[in-house]
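Now for the letters of each chain:
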Amino acid sequence: MSLQEILFWGLSFIALCAAVGVVTARNPVHSVLLLIVTFFAIAGHYILLNAQFLAVVHIIVYAGAIMVLFLFVIMLMNLNASTEPRKGSLVKFAGVISGGLLLVVLVAALKRTGALQGAAAHADIGLIRNLGQTLFRDFVAPFELSSILFLSAMIGAIVIGKKE
């Protein structure tokens, strides 16, 4: 067994255990923290697939921004287990059945598209250098237009949020 296989199975175990913990945790803050662990394990899978840029963006966007926002909202809402309505066994059973059906549909769709066959044939397909060359060689005009759009959105947000 190679080091890459050991890392894959280790990260998969961590991701699955943390994902189960997200669903079963009683405390919403613990659930958010376990979701961050799941995101880091998924980013590790991206690194194993030689997609370093995607791994870094995944950590920055999901673990850094969205999860902090979730944590903020949960702390501001002051969720309490005593005010949470109890769910009946029929609702839990329906959730398990619908989740299982979703899993079956996703696996069937992935088998049909051939996505479960393996990794990409080229070893340098996810490198940041290749992404930069593609962006600045083939798509330089749309890239610069989107940067101007983001700049105008930032200026608009500053003007709207400015106090008189």
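Everything quoted here is computed from the prediction, not taken from an experiment. (Residues numbered from 1 in each chain as written. Predicted model: local features only at pLDDT ≥ 70, side-chain atom pairs only at ≥ 80, totals over all residues. Heavy atoms only, no water.)

1. Here we look at the overall build of the protein chain
Right, on to step 1. In terms of regular secondary structure, the protein chain is built from 6 helices and 0 strands.
Right, on to step 2. Listing the helices and strands of the protein chain from first to last along the sequence gives α-α-α-α-α-α.
Right, on to step 3. Per-residue burial for the protein chain yields a buried fraction of 15% across its 164 residues.
Right, on to step 4. For the protein chain, restricting intrachain contacts to residue pairs at least 6 apart in sequence, the fraction spanning at least 24 positions comes to 54%.
Right, on to step 5. When the accessible surface of the protein chain is split by element, carbon and sulfur atoms take 75% of a total near 13000 Å². (Helix = DSSP H or I, 4+ residues; strand = E, 2+ residues; numbered from the N terminus. Buried < 20%, exposed > 50% of the residue type's maximum accessible area, 1.4 Å probe, protein only. Contact = heavy atoms within 4.5 Å. Areas by Shrake-Rupley, 256 points an atom, 1.4 Å probe, with all protein chains shown as cover.)

2. Comments concerning the nonpolar core
Right, on to step 1. By size, the foremost hydrophobic cluster in this structure holds 6 residues: Val32, Ile36, Phe39, Ala63, Met67 and Ile74.
Right, on to step 2. If you list the elements that add at least two residues to this core, you get helix H2 (28–48) and helix H3 (52–77).
Right, on to step 3. Every residue in contact with Ala63, bar those within four places of it in the chain, is listed here: Ile36, Phe39, Phe40, His58 and Val68. (Core = buried A, V, L, I, M, F, W, Y, C linked by side-chain atoms within 4.5 Å.)

3. With respect to the pattern of salt bridges
Right, on to step 1. Enumeration according to the criterion identifies 1 salt bridge in this entry.
Right, on to step 2. Salt-bridge contacts for Arg137 lead to Asp138; the nearest nitrogen and oxygen are separated by 3.4 Å. (Salt bridge = Lys/Arg side-chain N within 4 Å of Asp/Glu carboxyl O.)

4. What to know about the layout of surface pockets
Right, on to step 1. The volume enclosed by the second largest pocket comes to roughly 570 Å³.
Right, on to step 2. Phe8, Ser12, His45, Leu48 and Leu49 are the residues nearest the centre of the second largest pocket, which is lined by 16 residues in total.
Right, on to step 3. For the lining of the second largest pocket, the elements supplying multiple residues, two or more each, are helix H1 (3–24) and H2.
Right, on to step 4. The element contributing the most residues to the lining of the second largest pocket is H1, with 9 residues.
Right, on to step 5. Across the lining of the second largest pocket, the residue classes tally to 11 nonpolar, 4 polar and 1 charged. (1 Å grid on protein atoms, 1.4 Å probe; cavity = no way out; pocket = protein on both sides within 12 Å on 5 of 7 lines; lining within 4 Å. Points joined across faces, edges and corners; volume = space filled by probe spheres on them. Nonpolar A, V, L, I, M, F, W, Y, C, P; charged D, E, K, R; others polar.)

5. Let's talk about the packing of H1 against H2
Right, on to step 1. Packing of H1 against H2 brings their axes to within 8 Å, and their N-to-C directions diverge by 160°. Classified by the angle their axes make, H1 and H2 are roughly antiparallel. Like other packed secondary-structure pairs, H1 and H2 cross with a definite hand, here left-handed. Contact residues: H1 offers Gln4, Leu7, Phe8, Leu11, Ser12, Ile14, Ala15, Ala18, Ala19, Gly21 and Val22, while H2 offers Ser31, Leu34, Leu35, Val37, Thr38, Ala41, Gly44, His45 and Leu48. (Axes fitted to C-alpha atoms, helices over the stretch in contact; angles between N-to-C directions. Parallel < 35°, antiparallel > 145°, perpendicular 65-115°, else oblique. Left-handed = near helix turned anticlockwise from the far one by under 90°.)

6. A word on helix H4 (residues 89–113)
Right, on to step 1. An ideal rise of 1.5 Å per residue puts 36 Å on 25 residues; H4 measures up with 36 Å between its terminal C-alpha atoms.
Right, on to step 2. Within H4, only 0 of the 25 residues are buried, leaving the element largely exposed. (Expected span 1.5 Å × (residues − 1).)

7. What about the packing of H2 against H3?
Right, on to step 1. It is the contact of H2 with H3, at a shortest axis distance of 9 Å, that shows an interaxial angle of 175°. It follows from the interaxial angle that H2 and H3 lie roughly antiparallel. Every residue of H3 that contacts H2 at Pro28, Val29, Val32, Leu35, Ile36, Phe39, Phe40, Ile42, Ala43, Tyr46 and Ile47 is listed here: Leu54, Ala55, His58, Ile59, Tyr62, Ala63, Met67, Phe70, Leu71 and Ile74.
Right, on to step 2. Of the residues that constitute the contact of H2 with H3, the class distribution is 20 nonpolar, 1 polar and no charged.

8. Observations regarding the confidence of the model for the protein chain
Right, on to step 1. Residues of the protein chain with pLDDT of at least 70 account for 86%, and the chain-wide mean is 82.
Right, on to step 2. By mean pLDDT, helix H5 (residues 128–137) is the weakest element of the protein chain at 79, and H1 is the strongest at 94. (pLDDT = per-residue confidence, 0-100.)

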